[in-house]
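For reference, the chains in residue letters:
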Amino acid sequence: MSGDNKSLIEEGVKINRIILGIYIRNYLKDNKFTVTKLAEASGVSREQIGWLITGKRDPRLSTLLRVLVVMGHNIALEKEE
């Protein structure tokens, strides 16, 4: 993979982390959920929820799935053609 492609992928991942954080923050606000309540319901630490919200770290898939399930979602994978 060339350096340009790697940079584009890294930027895309960073943007997606930011979008995810905004989405979780809005969910908490709209559903009058606290970070503590989301952490307890998902079995994920408050610290990890904070990382998801701020987009500072890449979550493990298992962590992301736990949080999304509590939020009423699941993940479907699609292949781009």
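This text follows the structure it describes.
Residues numbered from 1 in each chain as written. Predicted model: local features only at pLDDT ≥ 70, side-chain atom pairs only at ≥ 80, totals over all residues. Heavy atoms only, no water.

(A) Spatial organisation of the side chain of Ser 42. Positionally, Ser 42 belongs in helix α2 (residues 35–42). There is a polar contact of 2.8 Å between the side chain of Ser 42 and the backbone oxygen of Leu 38. Contacts of Ser 42, omitting those with residues within four sequence positions, involve Ile 49, Arg 66, Val 67 and Val 70. (Helix = DSSP H or I, 4+ residues; strand = E, 2+ residues; numbered from the N terminus. Polar contact = N/O pair within 3.5 Å; in protein donor to acceptor, adjacent residues only side chain to side chain. Contact = heavy atoms within 4.5 Å.)

(B) Inspection of the layout of surface pockets at higher detail. Each pocket or cavity is described by its volume, and for the largest pocket that value is around 220 Å³. Lining the largest pocket we find Val 13, Asn 16, Arg 17, Ile 19, Leu 20, Asp 58, Pro 59, Leu 64 and Leu 68. Contributing elements (two or more residues each) for the lining of the largest pocket: α1 (3–30) and α4 (61–70). Here the lining of the largest pocket gets 5 residues from one element, more than from any other, and that element is α1. Of the residues assigned to the lining of the largest pocket, the class counts are 6 nonpolar, 1 polar and 2 charged. (1 Å grid on protein atoms, 1.4 Å probe; cavity = no way out; pocket = protein on both sides within 12 Å on 5 of 7 lines; lining within 4 Å. Points joined across faces, edges and corners; volume = space filled by probe spheres on them. Nonpolar A, V, L, I, M, F, W, Y, C, P; charged D, E, K, R; others polar.)

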